[in-house]
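Each chain is listed here by its residues.
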Amino acid sequence: MDKKNIGFFYDFDLTLSEEFQQYPIFREYWFSLFTYYGIRQPDNYWRLSDGSDLGIGYMEQMIKDAPKIFNGLTNKLMKEKFGPQIKLAPNIPKWFENINNFCAVNNVDSEHHVISLGILPLIEGTAVFRYLSSVNAGEFIDNEESIVEIKNAISPFRKVEYIKRICKGKDLYDNLELDEYHLNYDCALVFGDGQSDLDMFRYVHQRGGVAVGVFEKGNKEAYEKAVSKLGSSVNYIVPRDYSSDSILEKVVQESVNDIINRNCDMDYEIIHKVKLKQLRNQQIKDIVLDHLEKCDSCKMRSEAKFYFC
C-alpha cells in the first residue's frame, strides 16, 4: 500500500486555545486600557475597531494604541512572555503526539498547519509551535521599543489561499495534475470554531475533506451557536477537547481510517454539487445518487454529525 499524506489544518483562537491569543497582552496592559478606554474585560478591546474579529482591524487598533497603551510591546516580548501564557485547549499540545503516533501506526504521514487571524510570535511562543509544519498568521514590524507597522494580516478568505498553497506544494497559480499535489484535498482535515473559518470549511468540505467545528465543552449556548453558524458547512461539531478517548479524537481517527481504506475514485465535488442541487444533467445526478447509496466513504463524508457534552 502506498503511504498516504494527511494534512491537519487548524484555526488557533478558541480552536487550539481556550481564549483569544491576545488576552495575556490585554491582561498585562489592563490598567492603561481602563484608563484610556474604560475597558474592564479583555474582550471589550475588540469593540474599539470595526471588523476587529476579521483580521486587520484589531491589528490597526493595536498599532494606533502602541505609543500610549502597549508601551514596550515587541515581537520578542510577545513570543517570550505572552505566548507561553495563552490558555490552551484540553490535551494540547499532547494531541499532536497522539495523532502523529496513530497515523504512523497506520502507515500515514501527518502534518499540522495553523492558519490564524492572530499574531505569529504569540503562536511561536506556545507549546504548540514545535509540532507545526507551518504557521500562517499576522505579523507586526517593530523597533527596539514597540510594534510600529503591520507586516502581514490574515483575512478569513486568505485562509483558503494558504490551504491551496500548502496542498499544491507549489505556486498558487500553477496548474497541476491531481497526483502532482503535495496533499490532496480529500486527505485534509480542517478544525475551527467560528465565522472566520467558514470559507476554509466549505472549500475543503466540498472537495471531499473533513471539516470539524469545535465549541467549549459543556457550553450549550456555544454548541447551539456552532450548529446555527457552521452546521451546513462542516462534517462534525464536537466539544473542544483533544483528550484521549474524547469525541473529537474518535471522529478524527474514524476520518483517518476512512482515508486509509478508501477505494472510491468518484470525484467528491460532483457529489457535493448534487447534494446542493447544482447539477442540471439528470443522467449524471442519477449516477451520483446511485453511487452515494452504495459507497460508505462518500456517505460518511456527506453526513453531518453534531455532538454535545
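Further up the page is the structure itself.
Every value quoted in this text rests on a predicted model; they were computed, and no experiment measured them.

Next up on the list: the sheet that holds strand E2 (residues 108–119). As summarised here, the arrangement of the 8 strands in space is E4-E3-E2-E1-E5-E6-E7-E8, forming an open sheet in which the pairing is mixed. On the outer flanks of this sheet lie strand E4 (147–152) and strand E8 (305–306), each paired with one strand and no other. Note that strand E1 (residues 4–10) and E2 share 7 bridges and pair parallel. Residue pairing for E2: Tyr-10 is matched across the bridge by Val-114. On the sheet, helix H3 (residues 56–65) packs against E2, strand E3 (134–142) and E4 and is oriented at approximately 160° with respect to E4.

A few words now on the layout of surface pockets. In this approach a probe as big as a water molecule rolls over the atoms, and the regions it shows empty are the leftover space. The space that makes up the largest pocket amounts to roughly 880 Å³. Leu-14, Phe-20, Asp-193, Gly-194 and Lys-225 are, among the 31 residues lining the largest pocket, the residues nearest its centre. With 6 residues, helix H9 (residues 220–230) is the largest single contributor of residues to the lining of the largest pocket. Looking at the lining of the largest pocket residue by residue, the class counts come to 11 nonpolar, 9 polar and 11 charged. The calculated volume of the second largest pocket comes to roughly 370 Å³. Surrounding the second largest pocket, 14 residues form its lining, Leu-178, Asp-186, Arg-207, Asp-267 and Glu-269 being those nearest its centre.

A few words on the pairing of strand E5 (residues 188–192). For E5, a buried count of 5 out of 5 residues is recorded, marking the element as mostly surrounded by other parts of the structure. Residues Ala-188, Val-190 and Gly-192 line one face of E5 and the alternating positions Leu-189 and Phe-191 line the opposite face, and both faces are buried. Bridge count between E1 and E5: 4 bridges; the pairing is parallel. Residue pairing in the sheet places Tyr-10 in a bridge with Phe-191 of E5. Sheet analysis places E5 next to strand E6 (residues 210–215), joined by 4 bridges and oriented parallel.

This part is about the environment of Asn-281. Here Asn-281 shows up in the loop between helix H11 (268–275) and helix H12 (282–294). Placed 40 residues apart in sequence, Asn-281 and Asp-241 show a C-alpha to C-alpha distance of 43 Å. Here the side chain of Asn-281 touches Gln-283 through a polar contact of 3.0 Å, landing on its backbone nitrogen.

With that settled, consider the pattern of salt bridges. Pairing between side chains of opposite charge can happen when the charged atoms of each approach one another. By the definition in use, this model includes 13 salt bridges. Measuring nitrogen to oxygen at the nearest pair gives 3.0 Å for the salt bridge that ties Lys-94 to Glu-97. Within this pair, Lys-94 and its partner Glu-97 are both found in helix H5 (residues 94–105), separated by 3 residues, close to a single helical turn. On the basis of relative accessible area, Lys-94 is assigned to the partly exposed category, the value being 42%. Note that Lys-159 and Asp-197 form a salt bridge whose closest N and O atoms lie 2.6 Å from each other. Placement of Lys-159 in helix H7 (residues 156–168) and of Asp-197 in the loop between E5 and helix H8 (198–205) is noted, with a sequence separation of 38 residues between them. Residue Asp-197 is classed as buried on the basis of its relative accessible area of 0%. A single salt-bridge network, built from bridges that share partners, covers Asp-11, Lys-159 and Asp-197.

It is worth spelling out H3 at this point. Given 3.6 residues per turn, any residue in an α-helix points the same way as the ones three and four places further on. Across the 10 residues that make up H3, a large majority, 7, are buried. When we look at burial in H3, the residues that qualify are Gly-57, Tyr-58, Met-59, Gln-61, Met-62, Ile-63 and Asp-65. For H3, the secondary structure elements touched by its buried residues are helix H1 (23–28), helix H2 (30–37), E2, E3 and E4.

Here we take up the packing of H7 against H8. With their axes 7 Å apart at the nearest point, H7 and H8 run at an angle of 40° to one another. Taking contact as the criterion, the partners of Pro-156, Phe-157, Lys-159, Val-160, Ile-163 and Lys-164 in H7 are, on H8, Asp-199, Met-200, Tyr-203 and Val-204. Along the lines of polarity and charge, the residues of the contact of H7 with H8 split into 7 nonpolar, no polar and 3 charged.

Procedures and definitions
For every chain, the first residue of its written sequence is number 1, and the numbers climb from 1 along that sequence. Residue-level local features of this predicted model are given only where pLDDT is at least 70; pairs of side-chain atoms are given and counted only at 80 or more, and the full residue set underlies all totals for whole chains, interfaces and linings. The basis for every side-chain value is the complete set of non-hydrogen atoms in the structure, without hydrogens or water. Strand pairing follows a simple DSSP-based rule, namely that at least 2 bridges must link the two strands. Under the DSSP-based scheme used, a helix requires at least four consecutive residues in state H or I and a strand at least two consecutive residues in state E, with every element numbered from the N terminus. Two residues form a contact once any of their heavy atoms are found within 4.5 Å. For helices, the axis comes from a line fit to the C-alpha atoms of the stretch in contact; other axes are also lines fit to C-alpha atoms, and the angle between any two N-to-C directions lies between 0 and 180 degrees. A pocket, in this scheme, is an open set of points on a 1 Å grid over the protein atoms alone with protein on both sides within 12 Å along at least 5 of 7 lines, while a cavity is a set where a 1.4 Å probe fits but cannot get out; residues line either one if an atom lies within 4 Å of a point. Grid points are joined across faces, edges and corners, and a volume is the space filled by probe spheres set on the points. In this classification, the charged set is Asp, Glu, Lys and Arg, the nonpolar set is Ala, Val, Leu, Ile, Met, Phe, Trp, Tyr, Cys and Pro, and all remaining amino acids, among them Gly, are polar. Accessibility here uses a 1.4 Å probe with only protein chains present; expressed as a share of the type maximum, an area under 20% marks a residue as buried, one over 50% as exposed, and anything in between as partly exposed. Polar contact is the term for a pair of N or O atoms within 3.5 Å; when the atoms are in protein, one must be able to donate a hydrogen and the other to accept it, and sequence-neighboring residues count only if both atoms are side-chain atoms. Salt bridge, as applied in this entry: a Lys or Arg side-chain nitrogen positioned within 4 Å of an Asp or Glu carboxyl oxygen.

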